[in-house]
Structures are given as structure tokens and as C-alpha cells.
Amino acid sequence: MADYETILVEQRGPVTLITLNRPKALNALNSQVMDELTNALAAYDADDSQGCAVLTGSEKAFAAGADIKEMCELDFADVYNRDFFAGYDRFTATRKPVIAAVAGYALGGGCELAMMCDFILAADTAKFGQPEIKLAVTPGMGGSQRLTRAVGKAKAMEMCLTGRMMDVHEAERAGLVSRILPGDELVAEAIKTAELIAGMAPIAVKANKEMVNAAFETTLQQGVMFERRLFHGIFGTQDQTEGMAAFIEKRPGNWKGK
Ligand code: CAA
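Basis of the calculations
- All residue numbers refer to positions counted from 1 along the written sequence of the respective chain.
- Per-residue local features are limited, in this predicted model, to residues with pLDDT of at least 70; the limit for side-chain atom pairs, both in listing and counting, is 80 or more; totals at the level of whole chains, interfaces and linings are taken over all residues.
- Hydrogens and water are ignored here; the side-chain numbers use all heavy atoms of the structure.
- A patch consists of residues exposed above 30% relative accessible area that lack any salt bridge, with like charges linked at up to 9 Å and nonpolar side chains (Val, Leu, Ile, Met, Phe, Trp, Tyr) linked at up to 5 Å.
- Using the Shrake-Rupley algorithm and a 1.4 Å probe, accessible areas are obtained, with residue cover drawn only from the displayed protein chains.
- Whenever Lys or Arg places a side-chain nitrogen within 4 Å of a carboxyl oxygen from Asp or Glu, that contact is recorded as a salt bridge.
- Residues scored as positive are Lys and Arg, those scored as negative are Asp and Glu, and His as well as the terminal groups of each chain are ignored.
- Throughout, a charge is located at the NZ atom of Lys, the CZ atom of Arg, the CG atom of Asp or the CD atom of Glu.
- In DSSP terms, a helix is any run of H or I states spanning at least four residues, a strand is any run of E spanning at least two, and both are numbered starting from the N terminus.
- Categorising residues by exposure relies on relative accessible area from a 1.4 Å probe, with only protein chains included: less than 20% of the type maximum marks a residue as buried, more than 50% marks it as exposed, and the intermediate range marks it as partly exposed.
- Any two strands are treated as partners once DSSP identifies two or more bridges connecting them.
- Working convention: axes come from line fits to C-alpha atoms, limited for helices to the stretch in contact. Angles between N-to-C directions cover 0 to 180 degrees.
- Note on definitions: a residue-residue contact is assigned when non-hydrogen atoms from the two residues lie within 4.5 Å.
- Annotation comment: domain bounds sourced from an automatic or database domain assignment.
- Here the quantity called buried area is the total loss of accessible area, with a 1.4 Å probe, experienced by two parts when brought into contact, counted for both.
- Counting of polar contacts relies on pairs of N or O atoms within 3.5 Å, with two restrictions inside protein: one atom must be capable of donating a hydrogen and the other of accepting it, and residues adjacent in sequence are counted only when both atoms are side-chain atoms.
- Here the term charged refers only to Asp, Glu, Lys and Arg, the term nonpolar to Ala, Val, Leu, Ile, Met, Phe, Trp, Tyr, Cys and Pro, and the term polar to all other amino acids, Gly among them.
- Orientation categories follow fixed angle ranges, with anything under 35 degrees roughly parallel, anything over 145 roughly antiparallel, 65 to 115 roughly perpendicular, and all other angles oblique.

**Q** Is there a simple way to think about a negative patch on the surface in this case?
**A** Taken together, Glu 59, Asp 124, Asp 184 and Glu 185 make up a surface patch of like negative charges. Along the chain, Asp 184 falls in the loop between β10 (179–181) and α9 (186–198). Taking the relative accessible area as the measure of exposure, Asp 184 reaches 72% and is therefore exposed.

Here it is, written out as C-alpha cells:
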């Protein structure tokens, strides 16, 4: 496995666990983190032995945002010419699932990174916010768009305009977080959930992810048609035949990934 400096990557059976590892900077997301994270996810996506990934941080911070110390020297020409943050498009191009396991601060780019994942499991200590306005800037890794789609305009607008943080209970009520867990169970429970997903038929996993994500890109009619056609396509897989036979024969499915 590749050597990384800003993240830790471990394989736990079929689950890839990625831990952000810049504790002194509360896991602030600099360019090296972006490169290492997206390389690790590309390797996970290409590895047939891996079925689900978990992305986590520390107890204190999932990530406290993009690295302000890296950005403070940049001017418009720098960020525009480098298309700053565009590298994260590689993150959302991951075809297999990625679960965010969030404890502590998920602020700015940290909140945005959690929202790039397929769903968020959160510890009771988690806090979410888009405080960029306090730095006289805006979200830049998708926060204004993904937060608005996740929690609606009222809360997203208030959070972006005031920098107010949501605690985990508000985040769950608003639909940003799928489940709240005690802090000491967060990573173990995220891995358990990832194992469950990794045990499903791989093509069905990718197809489910693809069609839920399509809901954000299409009209209802186009989305329903996309779903139906992918559903039809699944009937061309050996695992569909096996999955239904296994149900009728009351035994677990034996997936081929074909
Ligand atoms: N970038 C760089 N360094 C950061 C950082 C960040 N986003 N957040 C924290 N750090 C560093 C601090 O500078 C500090 O380093 P030093 O010890 O060298 O001074 C260390 O992490 C610990 O931080 P604090 O001492 O501030 O810890 P705290 O417990 O008192 O406060 C906090 C925690 C409330 C999260 C506070 O650190 C904070 O407000 N951080 C910045 C949050 C923020 O504004 N995020 C948005 C960044 S912009 C962005 O993300 C743009 C985008 O859309 C992608």
C-alpha cells in the first residue's frame, strides 16, 4: 500500500479505513491531503477485494476546514489558474461507497468533505458549519450546493451567512446526518455498516449509489427512467439470478461481481 503523510489507510477485510492525520492542524485540508485522499480513494475503487470505505478524522476534529495557512498567501490568479479545489472532483468520482464517520468539528471544507461522502454517521460530539464568511470568503468545495440540497435553503443560508454551527441533533433532524452514535462506538459502527455494504453484490451496490446520486442531477421523470433502465440492466447479471435464488432457497447469496 502506498505511503501517505497526511492520511492513514488500512484495509480491514473488505473495508478500507481512511483516517485524516494532521492532528496539530485539526486535520485542516491542504493540497497534500487532497492529493493523498483522492489517490487513496482511486486505489480503493480499483481494488476488487474492497467493497466499502470509511473516512474519519480524530475525536476532536473530522476536519476544521481547508488549510487557512496555505490559502492566506494566494491571490485570484493563483486559485483561478490552479482551479483550486477542482482535485476533489476525483473524490466524488469514486464509484464504490464512502461513509463519513464524523466526530468533533466538521467545518468549512471539513463539512464539505463529509458531504462528498455517500452518507454521514456522526458522534454525539459532531459539529457542522460553513464558517468561511468569517474569513471574508465563501465555501469552495461544494458546501453552498450540497448543504442546501441536504438541509434546505433556510438552514443552509443561515449557516453560510452567519457561520453558525449545527450540533449533531440539529444536523440529524435536518437530514445531514443519517445516524448519531456514541463517540466511542463511531468508528466500529461505521466499519460494521461498511462490512454490511461490502457483503452485498458489488454491481448492485454501485448501481444503487449511482441512482440515488442521479436524484440530484435530473428531473423526477428522468431520474425514474434512469432508475428503471439500470434496474432492467441488473437482470443481465449473474448476481441477480443468484440473489433471488438464494432468497427462495433461504441461504446467503454467493456473489460473483458479474
Ligand atoms: N486551517 C489551518 N489551520 C487550522 C485550521 C484551518 N482551517 N483550523 C485549525 N487550525 C490550526 C490552528 O491554527 C491551530 O494551530 P496552531 O496551534 O499552530 O496555532 C490548531 O489547528 C488548533 O486550533 P485552535 O487552537 O484554533 O483550536 P480550538 O480548539 O481553540 O478551536 C476551531 C477549534 C473552532 C475549529 C478553530 O480552530 C477554528 O475556528 N478553525 C477554523 C475553522 C474555519 O474557519 N474553517 C473554514 C476554513 S476555509 C474553508 O474551508 C474554505 C472552503 O470552503 C474549502
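Once you've had a look at it, read on.
**Q** Help me understand the sheet that holds strand β3 (residues 52–56), please; the structure alone is not making it clear to me.
**A** What links the strands of a sheet is backbone hydrogen bonding, and the strands pair in either a parallel or an antiparallel sense. As summarised here, the arrangement of the six strands in space is β1-β2-β3-β5-β7-β10, forming an open sheet in which the pairing is mixed. Each having just a single partner strand, β1 (7–12) and β10 make up the two edges of the open sheet. Each adjacent strand pair in this sheet contributes to an overall mean axis angle of 20°, direction not counted. Helix α1 (residues 31–46) contacts β1, β2 (15–20), β3 and β5 (98–102) of the sheet and is inclined by roughly 175° relative to β2.

**Q** I keep staring at the sheet that holds strand β4 (residues 61–63) and nothing clicks. Help me out?
**A** The strand order β4-β6-β8-β9 describes an open sheet built from four strands, whose pairing is mixed. Looking at which strands have only one partner, the edges of the open sheet turn out to be β4 and β9 (166–167). Here two bridges tie strand β8 (residues 127–129) to β9, and the two strands are oriented antiparallel to one another. For Lys 127, the partnering residue across the bridge sits in β9 and is Asp 167. Helix α5 (residues 109–116) rests against β4, β6 (105–107) and β8 of the sheet, and its axis sits at about 95° to β6.

**Q** Would you take a moment to explain the pattern of salt bridges for this structure?
**A** A side chain of one charge can pair with a side chain of the opposite charge if their charged atoms are brought near each other. The full count for this structure, using the stated rule, is 10 salt bridges. For the salt bridge of Arg 179 with Glu 189, the shortest nitrogen-to-oxygen distance reads 3.2 Å. Here the residue Arg 179 occupies a position in strand β10, and Glu 189 occupies one in helix α9, the gap between them amounting to 10 residues. In this structure Arg 179 comes out as partly exposed when scored by relative accessible area, which is 32%. A relative accessible area of 18% places Glu 189 in the buried class.

**Q** For this particular structure, what's the right way to read the domain arrangement of the protein chain?
**A** How big an interface is tends to be stated in terms of accessible area lost as the parts join. The domain architecture assigned to the protein chain consists of domain 1 (7–198) and domain 2 (200–249). Opposite the nine residues of domain 1 that make contact, domain 2 presents seven residues. Together, the buried faces of domain 1 and domain 2 total about 770 Å²; carbon and sulfur atoms form 53% of this surface. Where domain 1 touches domain 2, the interface holds one salt bridge. Residues Lys 209 and Asp 118 are paired through a salt bridge, measuring 2.9 Å at the closest nitrogen-oxygen approach. Along the contact surface separating domain 1 from domain 2 lie five residue pairs in polar contact (both at pLDDT 80 or more). With three residues, α9 is the single largest residue contributor to the side of domain 1 that touches domain 2. Among the residues forming the side of domain 1 that touches domain 2, the class breakdown is four nonpolar, one polar and four charged.

**Q** Teacher, can you tell me more about the packing of helix α10 (residues 202–214) against helix α11 (residues 220–234) here?
**A** Geometry of a packed helix pair, given as the angle between the helix axes and the separation of the axes. For the pair α10 and α11, interaxial distance at closest approach is 10 Å and the crossing angle is 170°. Accordingly, the angle class assigned to the pair α10 and α11 is roughly antiparallel. For the pair α10 and α11, contact is made by Ile 203, Ala 204, Ala 207, Glu 210, Met 211 and Ala 214 and by Phe 226, Glu 227, Leu 230, Phe 231 and Ile 234, respectively. Here the residues of the contact of α10 with α11 are counted per class, giving nine nonpolar, no polar and two charged.

**Q** Is there a simple way to think about the environment of Glu 227 in this case?
**A** Its place among the elements puts Glu 227 in helix α11. The exposure class of Glu 227 is partly exposed, given its relative accessible area of 41%. Spatially, the C-alpha atom of Glu 227 lies 28 Å from that of Ala 86, the residues being 141 residues apart in sequence.

**Q** Where do I start with the side chain of Thr 193 in this structure?
**A** Relative to the assigned elements, Thr 193 resides in helix α9. Those residues in contact with Thr 193, other than ones at most four positions away along the chain, are Ile 99, Phe 119, Leu 121 and Arg 179.

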